[in-house]
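Survey of secondary and tertiary structure
Listed here are the chains, written in short residue letters.
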Amino acid sequence: MTSLSSAVALPSSCRARPVGCSRRARLLVARAAASSPKLPDGRRLRVAVVGGGPAGGAAAEALAKGGVETVLIERKMDNCKPCGGAIPLCMVSEFDLPLDLVDRKVRKMKMISPSNVAVDIGRTLAPHEYIGMVRREVLDDYLRTRAKSAGAEVVNGLFLRYEAPKEKNGPYVVHYNHYDSSNGKVGGEKRSFEVDAIVGADGANSRVAKEMGAGDYEYAIAFQERVKIPDEKMLYYEERAEMYVGDDVSPDFYGWVFPKCDHVAVGTGTVTHKADIKKFQAATRLRAKDKIEGGKIIRVEAHPIPEHPRPKRVSGRVTLVGDAAGYVTKCSGEGIYFAAKSGRMCAEAIVAGSASGTRMVEESDLRKYLAEFDRLYWPTYKVLDVLQKVFYRSNAAREAFVEMCADDYVQKMTFDSYLYKRVVPGNPLDDIKLAVNTIGSLVRATALRREMEKVTL
Amino acid sequence: MPRHVSFFSPRHPEKKEARGPAPKSGTRPRLTQSHYPLLSLTLRSKPSREGIDSFLSVMAMATSTFSPRPASRTAPLKPLQAGAKPHLHLSFPRLRAGRLARAAAGEAPVEVVEAPPKEAEPSPAASNGAAVKAEAPAKAVEAAPPLPRFRDERWVNGTWDLRQFEKGGVVDWDAVIDAEARRRKWLEDCPEATNTDEAVVFDTSIIPWWAWMKRFHLPEAEKLNGRAAMVGFFMAYFVDSLTGVGLVDQMGNFFCKTLLFVAVAGVLLIRKNEDLDSLKKIIDETTFYDKQWQATWQDDSPPAAPK
């Protein structure tokens, strides 16, 4: 771990205003102020953010606000990304999102087991709590616009590659294809520029990651169909999202029906059986058949979802955030919030390490962002990993999972940890009861499973 | 009608007494073992309960009016099975033959009976989230031909009607467990669309803990205790023959007590041959995710000259 304990007594002139966690920021400033060289000619630090999704937009905004000269490169400004589109409540507050960005507020979720046992979740939600469903193109555009108004330069282009610096504090040269709308859709002109650091926010198939040799990760394929269903059926999904679990729907993930602005998204995903994704999709459609009957498929989309972080997330003064780094939780596959948050945290670390853009950053400053992110969210990721391992391994475990979800305490804990991203330790007596109930459910489901094997229909 | 269900009573198919009321002729032929010896292998043996007959005949009549099933299903067997119950019977040859018969009858997976709407092939890894345009911009979600739905007289309003399981005034929990196992098996083989009007609300926790204990834990516990006793006896004999220390003196020795602990733990954890591998896998699995997260710190050479 990086030496955060090197608290040097600061001359007050070097103390920057605290960003994020105040004490740590001051320590960061101390270290940066002590060791990294001031930028020549009083110029500001230049950082390229590759990718304009939630991670890129949040990073560019935080960088620009912190006094760093930022260039945000995005290849498709109106990119309509295939995505569940669910954001937790804390994202709305932490990122000051306007409420009209949220198309729908999901307050009820239905979990459906392999044998169609349906459990309603959401009884414990307070009236002001909800899961926000957004359209990605709207959210991404909003964050980019905010970055632009904070001072970042937003460029429409496709990142090609970068060249490593020739000497210790030399610049990176970023090569990209510049698209100019005035030229029409002709293939863009090659341009390049120099930056001091690169933030790779270009998603699951990140080119920056490839360039820096970050390594690969396992990924799931999420396949989704957008279905426009008749209005009376849409009423059912007014505030409700559904999750289907079962071997027929996915061997290691879940199928879903999420409401969007005026249609629903029906989809499923898998890591291990990617070739069978169409079969799983058909099964998901079958399970929701009555509720989406008469609907028209208006769009079919698929995208990869990382399962775990890349082996290397920083190299030199190049770092990864968001899906490019692999910050997607297991079990629920949530990534938007972590992308935006990691973008922001990375930017804050750069701002602090460069003393608001006046000094050069180093790899150690970028590693501070990694350390902070890992420290803050590791419990969340680990808990979700354990849940996935325990409850997604077989139909019996899924039945037990759905049964457990009927419990009020479970619902409260789940929503607390999802909406506010904190793992709250509950009442220990309730925890013990929960543990006993979990084991009971699993034992019963496994016992039934053994009975099922003896049944020949 | 008193139904005699004893947990340990042997259930021999040959011992089937004559059924009560004759089945309604003209509907389902009653497949008794004497008439169809091969098919009888696929039928689970009828439990020797009297009241089951009238129930079965009613079921047979009801199921004969079902909508035609896809030919790939084993049609003759299904209606009869609708009322019969699985039960705890260690007749492995019968079960294996049952599976073979099912496979022979060409049981098709679920997808065959559906008519999946046609979509364009997605190119998932080409770019982040390739949105694939369907070949026709708007296609209707075609209704698949109806699949046989799960039907059972005792399954009412999305849960088991416990009053119908009553036997002598008390609920027969074994029958409830059997029925639920059968329902889950049916739905696993033949997934159904969910229906908000007939939402399933059954929760296995309504079956009391002692019913689960009696049915599942006790036989397993008996087996494991037996194993532990046999291993213990031979270990004690072995140690005695090697060292001359008698059983009582062994119990005072720390090493022997450790051996005993290891023997008991081994019997508990390793019940099948495969358990050894699965234990190792579980130990790897618990730390794998952590390792993936730590990977970026592994090559943490001091941040010298950047690339």
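Let me begin by describing the structure that accompanies this report. Along every chain, residues carry numbers that run from 1 in the direction the sequence is written. A letter from A marks each chain and a number from 1 marks each ligand, given out in the order of writing. Owing to the predicted nature of the model, reporting of local features is limited to residues with pLDDT of at least 70; listing and counting of side-chain atom pairs is limited to 80 or more, with chain, interface and lining totals taken over all residues. Only hydrogens and water are removed before side-chain values are computed, so all heavy atoms of the structure are retained for them.

Secondary structure summary: chain B contains nine helices and six strands in total. Here the term buried applies to any residue with accessible area under 20% of the maximum for its type, exposed to any over 50%, and partly exposed to those in between, with areas from a 1.4 Å probe on protein chains only. Split into buried and exposed, the 307 residues of chain B put 37% on the buried side. Here, two residues are considered to be in contact whenever any of their heavy atoms come within 4.5 Å of each other. A separation of at least 24 residues holds for 72% of the contacts in chain B among residues at least 6 apart in sequence. To measure how exposed things are, a 1.4 Å probe is used in the Shrake-Rupley method; for residues, cover is taken only from the protein chains shown. Element-wise, carbon and sulfur atoms account for 65% of the exposed surface of chain B, whose accessible area totals about 17,800 Å². In DSSP terms, a helix is any run of H or I states spanning at least four residues, a strand is any run of E spanning at least two, and both are numbered starting from the N terminus.

In terms of backbone geometry, most residues other than glycine have negative phi values and most peptide bonds are trans. A positive phi angle, close to 60°, is found at A:Ser356, a residue other than glycine. Here A:Ser356 is to be found in the loop between α9 (336-353) and α10 (363-391). Residue A:Ser356 is classed as partly exposed on the basis of its relative accessible area, which comes to 24%. Phi angles above zero are rare outside glycine, and B:Asn157 is one such case at about 55°. Looking at the secondary structure, you find B:Asn157 in the loop between β3 (155-156) and β4 (159-160).

Examined against the element boundaries, A:His308 turns out to sit in the loop between β16 (296-306) and β17 (314-315). Sequence separation between A:His308 and A:Tyr381 is 73 residues; the distance between their C-alpha atoms is 9.4 Å. A distance of 3.2 Å separates the side chain of A:His308 from the backbone nitrogen of A:Glu218, its partner in a polar contact. Pairs of N or O atoms within 3.5 Å make up the polar contacts considered here, provided that, within protein, one atom can donate a hydrogen while the other can accept it, and that residues adjacent in sequence are counted only when both atoms are side-chain atoms. Here B:Gln292 takes part through its side chain, which lies 3.3 Å from a polar atom of the side chain of A:His308.

Take the sheet that holds strand β1 (residues 46-50) of chain A next. Strand pairing in a sheet relies on backbone hydrogen bonds, with the paired strands running either antiparallel or parallel. Residues and elements named next belong to chain A. Strands are labelled as partners when DSSP assigns at least two bridges between them. Here we have eight strands laid out as an open sheet, ordered β10-β9-β8-β2-β1-β11-β18-β17, and mixed in their pairing. In this open sheet, the two edge strands, each paired with only one partner strand, are β10 (189-195) and β17. Alignment of β1 against strand β2 (residues 69-74), held across five bridges, turns out to be parallel. Looking across to β2, one finds that Ala48 is bridged to Val71.

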